[in-house]
Amino acid sequence: MATHMSRCRTWSRLQRFGIAAYRKYSSGGRYPNVSLSTPLPGIPKPVFASVDGQEKYETKITTLENGLRVASQNKFGQFCTVGILINSGSRHEAKYPSGIAHFLEKLAFSSTAQYGSKDEILLTLEKHGGICDCQTSRDTTMYAVSAEVKGLDTVVSLLSDAVLQPRLLDEEVEMTRMAVRFELEDLNMRPDPEPLLTEMIHAAAYRGNTVGLPRFCPAENVDKIDKNVLHSYLRNYYCPERMVLAGVGVEHEQLVECARKYLDVKPVWGTSSATNVDLSVAQYTGGIVKMEKDMSDVSLGPTPIPELTHIMIGLESCSFLEDDFIPFAVLNMMMGGGGSFSAGGPGKGMFTRLYLNVLNRHHWMYNATAYHHSYEDSGLLCIHASADPRQ
């Protein structure tokens, strides 16, 4: 009984303190209306930790005789992630039919000289608790595997085979054509227009050059891309001096040893020499690209997709090699944004500029989101907005 009374008294005190604290800190005069752009008054200047070059997880880089670079960070865990990154993407397709990088992404980890099918590759990885993935962007292609550290030798051997010894069988190319057609159809039918708008904003900003070239294979090129076209492209871009073998959670010397053992091989397309590489620098042109779509026959269940107009505005920013890249990244975070139905606290970006000044003030705004795309020689800062067509 005494304990219960004591708890009640404590709770009563807490309640009184809470109400008093609320009254104290909620009074308008106590807090000045300070903009997010200026420091809070009376706050001491922050003292940041200095970097002494002796970080716990230092990145080590070794360049092999054939030009291949090996980079690693040892994080000391049971699992590691190893990938081959290639300086090759849709921006390098000026002399080829657009869509080769898209095809190669879909063909990744199919049959190779060592493995008869994708299933064999997945079974091999399963023994080491591993998974694989391939992703292409406008300027980079990445083949990656995550698996147990003790399977590193197998992982690098498999990656080398997938990148340098793919069979590219006729039936695999045909299956890829079907997959690409399906993806293009899905892109045009999906209610989320963001991937399509990103394509359009790049096409408008860099009309017909480098990062303005299509990231997805145009429908008219699907039947034009075959084994010969792929080999011609691979011969120019999949060469050691344009590759990096990167690993996280691995011993650097062990990774270098595996690279020497498995990646110094002759590719299936013959001697690899970067003789016909596109070295064009991104030329910002600016422009407008429009598209009208009828979504009246597309519905996910009983509720029809709302009829909206989507606009993306882009401004030229900078490359990720310039000093201004960091301020642009900060600006992108400050702009933030999202959909009008997002829920959550500050972690969801509810107090970013686009929320406070756009979504919270205009009830008819459906979405407002900032994006920053940065490349080796240029960049784009974009804002995507959605609203009723009448607005």
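Residues numbered from 1 in each chain as written. Predicted model: local features only at pLDDT ≥ 70, side-chain atom pairs only at ≥ 80, totals over all residues. Heavy atoms only, no water.

Draft legend 1. How the structure looks around helix 4 (residues 152-164). Across its 13 residues, helix 4 extends 18 Å between first and last C-alpha, which sits within 8% of the 18 Å expected from 1.5 Å per residue. A large share of helix 4 lies buried, amounting to 11 of its 13 residues. Every buried residue belonging to helix 4 is among Leu-152, Val-155, Val-156, Ser-157, Leu-158, Leu-159, Ser-160, Asp-161, Ala-162, Val-163 and Leu-164, and all of these are buried. For helix 4, the elements touching its buried residues are strand 3 (79-86), helix 3 (118-126), strand 5 (141-148), strand 6 (243-248) and helix 8 (252-262). (Helix = DSSP H or I, 4+ residues; strand = E, 2+ residues; numbered from the N terminus. Expected span 1.5 Å × (residues − 1). Buried < 20%, exposed > 50% of the residue type's maximum accessible area, 1.4 Å probe, protein only. Contact = heavy atoms within 4.5 Å.)

Draft legend 2. Local environment of the sheet that holds strand 8 (residues 337-339). Reading across from one edge, 7-10-9-8 is the order of the 4 strands in this open sheet, with antiparallel pairing throughout. Sheet topology places strand 7 (309-316) and strand 8 at the edges, where each strand pairs with a single neighbour. Geometrically, the sheet is characterised by an average inter-axis angle of 25° between neighbouring strands, direction not taken into account. Relative to strand 10 (residues 379-387), strand 9 (residues 365-374) runs antiparallel, the two being bridged by 9 bridges. Its bridge partner being in strand 10, Met-365 is matched across the sheet by Ala-387. (Pairing = 2+ DSSP bridges. Axes fitted to C-alpha atoms, helices over the stretch in contact; angles between N-to-C directions.)

Draft legend 3. Structural view of the environment of Asp-294. The residue Asp-294 is located in the loop between helix 8 and strand 7 in this model. Expressed as a C-alpha distance, the spacing of Asp-294 and Met-189, which sit 105 residues apart in the sequence, is 9.6 Å.

Draft legend 4. The pairing of strand 3, seen in detail. Where strand 3 lies against strand 5, 8 bridges are found, and the strand directions are antiparallel. Paired with Thr-81 across the strands is Ser-146, a residue of strand 5. In the sheet, strand 3 pairs with strand 6 via 6 bridges, with the strands oriented antiparallel. Bridge pairing in strand 6 links Thr-81 to Val-248.

Draft legend 5. Inspection of the nonpolar core at higher detail. Val-82, Phe-109, Tyr-143, Val-156 and Tyr-238 are the most contacted members of the largest nonpolar core, which totals 55 residues. Ranked by residues supplied to this core, first place goes to helix 4 with 8 residues. (Core = buried A, V, L, I, M, F, W, Y, C linked by side-chain atoms within 4.5 Å.)

Draft legend 6. Main features of the state of the cysteines. A full pass over the atoms with the stated rule returns 0 disulfides. No disulfide involves Cys-80; its nearest neighbouring cysteine sulfur is the one of Cys-258, lying 9.7 Å away. (Disulfide = S-S within 2.5 Å.)

Draft legend 7. Quick peek at unusual backbone geometry. The backbone of Leu-168 shows a phi angle near 50°, a positive value even though the residue is not glycine. With respect to the helices and strands, the residue Leu-168 is situated in the loop between helix 4 and helix 5 (170-189). Note on Leu-168: relative accessible area 3%, which makes it buried. Its identity as a non-glycine residue notwithstanding, Thr-210 has a phi of 40°, on the positive side. Exposure remark for Thr-210: the relative accessible area of 3% places this residue in the buried category.

Draft legend 8. Looking closely at the packing of helix 2 (residues 100-107) against helix 7 (residues 227-237). Axis separation between helix 2 and helix 7 bottoms out at 11 Å; the angle between their running directions is 100°. With respect to helix 7, the element helix 2 is oriented roughly perpendicular. Contact residues: Ile-100, Phe-103, Leu-104 and Leu-107 in helix 2; Val-229, Leu-230, Tyr-233 and Leu-234 in helix 7. For the contact of helix 2 with helix 7, the per-class residue count stands at 8 nonpolar, no polar and no charged. (Parallel < 35°, antiparallel > 145°, perpendicular 65-115°, else oblique. Nonpolar A, V, L, I, M, F, W, Y, C, P; charged D, E, K, R; others polar.)

Draft legend 9. Examining the pattern of salt bridges more closely. Under the counting rule described, the total for this entry stands at 9 salt bridges. For Glu-65, the salt bridge is made with Arg-260, and the minimal N-O distance between the two is 2.8 Å. Placement of the pair is Glu-65 in the loop between strand 1 (60-63) and strand 2 (69-73) and Arg-260 in helix 8, with a sequence separation of 195 residues. We classify Glu-65 as exposed; its relative accessible area is 71%. On the basis of relative accessibility, which here comes to 42%, the residue Arg-260 falls in the partly exposed class. Across the salt bridge formed by Glu-174 and Arg-177, the nearest N and O atoms sit 2.9 Å from each other. (Salt bridge = Lys/Arg side-chain N within 4 Å of Asp/Glu carboxyl O.)

Draft legend 10. Local environment of the environment of Ala-101. Here Ala-101 is to be found in helix 2. On the basis of relative accessibility, which here comes to 3%, the residue Ala-101 falls in the buried class. Every residue in contact with Ala-101, bar those within four places of it in the chain, is listed here: Gly-89, Ser-90, Glu-93 and Thr-136.

Draft legend 11. Structural detail: the sheet that holds strand 4 (residues 131-136). The 6 strands lie next to each other as 1-2-6-3-5-4, forming an open sheet whose pairing is mixed. Looking along the sheet, the strands with just one partner apiece sit at the ends: strand 1 and strand 4. Each strand axis lies, on average, 15° off the axis of its neighbour in the sheet, ignoring direction. Two elements, strand 4 and strand 5, share 6 bridges in a ladder whose sense is antiparallel. Bridging from a neighbouring strand, Ile-131 pairs with Ser-146 of strand 5.

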